[in-house]
Amino acid sequence: MKVSIGGPLKLAFRPWVEGLENVPAEGPAILASNHLSFSDSFFLPAVLDRKVTFIAKAEYFTTPGVKGRLTAAFFKGVGQLPVDRSGARGAGEAAIKSGIEVLERGELFGIYPEGTRSPDGRLYRGKPGGLARVALATGAPVIPVAMIDTEKIQPPGKVVPKLMRPGIRIGKPLDFSRYQGMEHDRFVLRAITDEVMYEIMKLSGQEYVDIYATAAKRQIAEAAKAEKQAQKEAQKDAQKDAGKGPAGS
């Protein structure tokens, strides 16, 4: 996949990279990245010599038919692991278990602390638990990563990408061994997550919003729904006014 996808991807988009020396040549490490586009999971592995394993929703691996089988083969090829997200708690535990297994094999594990793509290009609050618990369970260093301009290449809903150069900034590894044995302390999990998000913010230059991206998406969807309803009401009022005709007719 690095040859068939990574090579053409680098040739076509020519991504620029800073801090590549911060990724160890061997041994386990966690790559914690902001999440702007579906293509983030392809650009980051494309610029690294080592394999990076991310988690992906199980639907990518279970869709029936020829298209479903091809999709499943593709995601397996690029190192994605299926996680059933039907139950929030179950999905979180499955993601943590998958991450630990990857790191225990001495490999690189990629994770998006925001939990979902940013709806507007800003950086949102990291979800505590997954990243921090995996880091504490394995002792693996956490390497902050900033994806830059990938949302402009392939915004949500767009199939055909725009040819332009994205950027990737890789920060210095963060060591959380001082918190070893405190993986059940929610304040520690929050502190680790916030420290990683702060480093990502410095690397990306994004505006930080102290709410979860999932909540922001709900707010945006509700605002769009309210605006659409207001437009319908305004259209109805305009039609009523037009039907009345001139006053006194």
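The structure presented is a predicted model; accordingly, all values stated were derived computationally and were not measured.

Q: Can you walk me through unusual backbone geometry in this structure?
A: Across the chain, the bulk of peptide bonds are trans and the bulk of non-glycine residues have phi less than zero. For Arg 14, which is not glycine, the phi torsion reads 45 degrees and is therefore positive. Within the fold, Arg 14 resides in the loop between helix H1 (2-13) and strand S1 (16-18). Non-glycine residue Asp 149 carries a positive phi angle of around 70 degrees. With respect to the helices, strands and loops of the structure, Asp 149 is situated in the loop between strand S7 (142-148) and helix H7 (150-153).

Q: Even after reading the chapter, I still don't get the nonpolar core, so can you show me in this structure?
A: Across soluble globular proteins, nonpolar side chains have a tendency to be buried as a group. Ranked by size, the top nonpolar core spans 24 residues in total, and within it Ile 30, Leu 131, Leu 136, Val 142, Phe 176, Ile 192 and Val 196 carry the most contacts. Counting residues per element, the ones that place at least two in this core are strand S2 (29-33), helix H5 (88-104), strand S5 (108-111), helix H6 (130-138) and helix H8 (186-204). The leading source of residues in this core is H8, at six residues. Not counting the four nearest positions on each side in its chain, Leu 131 is found in contact with Ile 30, Ala 32, Ile 111, Pro 113, Val 142 and Val 196. Ala 29, Phe 43, Val 47 and Tyr 112 belong to the second-largest nonpolar core, a separate cluster that totals 21 residues.

Q: Where do I start with H8 in this structure?
A: An α-helical turn contains 3.6 residues, so a residue and the one three or four places further along point in the same direction. Between the first and last C-alpha of H8 there are 27 Å, a value that for 19 residues agrees with the 27 Å anticipated at 1.5 Å per step. Tucked inside the fold, the buried residues of H8 contact S2, strand S6 (123-124), H6, S7 and strand S8 (167-170). N-capping of H8 is provided by Asp 185, with a side-chain oxygen placed 2.9 Å from the backbone N of Phe 187. One or two residues past the end of H8 sits Gly 205, with phi positive at roughly 75 degrees.

Q: Sorry, what's going on with the packing of H6 against H8 here?
A: Helix-helix packing is described using two parameters, namely the angle between the two axes and the distance between the axes. Relative orientation of the contacting elements H6 and H8 amounts to 100 degrees, with a least axis distance of 8 Å. In terms of axis orientation, H6 runs roughly perpendicular to H8. The segment H6 lies against H8, with Leu 131, Ala 132, Arg 133 and Leu 136 engaging Val 188, Leu 189, Ile 192, Thr 193 and Val 196. For the contact of H6 with H8, the class distribution of residues is seven nonpolar, one polar and one charged.

Q: Any chance you could explain the packing of aromatic side chains here in plain terms?
A: A complete count under the given rule lists three aromatic pairs for this structure. Taking 5.4 Å as the distance between ring centres and 90 degrees as the angle between the ring planes, the aromatic pair formed by Phe 13 and Phe 43 counts as edge-to-face. Here Phe 13 is found in helix H1, whereas its partner Phe 43 is found in helix H2 (residues 40-47), with 30 residues between them in sequence. Each member of the pair, Phe 13 as well as Phe 43, carries the same accessibility label: buried. Relative to Tyr 112, the ring of Phe 54 lies with its centre 5.3 Å away and its plane at 15 degrees, an arrangement referred to as stacked. Highlighted residues: Phe 54 in strand S3 (residues 52-57) and Tyr 112 in the loop between S5 and S6, separated in sequence by 58 residues. In this pair, the class of Phe 54 matches that of Tyr 112, namely buried.

About the criteria used
Residues numbered from 1 in each chain as written. Predicted model: local features only at pLDDT ≥ 70, side-chain atom pairs only at ≥ 80, totals over all residues. Heavy atoms only, no water. Helix = DSSP H or I, 4+ residues; strand = E, 2+ residues; numbered from the N terminus. Core = buried A, V, L, I, M, F, W, Y, C linked by side-chain atoms within 4.5 Å. Buried < 20%, exposed > 50% of the residue type's maximum accessible area, 1.4 Å probe, protein only. Contact = heavy atoms within 4.5 Å. Expected span 1.5 Å × (residues − 1). Polar contact = N/O pair within 3.5 Å; in protein donor to acceptor, adjacent residues only side chain to side chain. Axes fitted to C-alpha atoms, helices over the stretch in contact; angles between N-to-C directions. Parallel < 35°, antiparallel > 145°, perpendicular 65-115°, else oblique. Nonpolar A, V, L, I, M, F, W, Y, C, P; charged D, E, K, R; others polar. Phe/Tyr/Trp six-rings, centres within 6.5 Å; stacked < 30°, edge-to-face > 60°.

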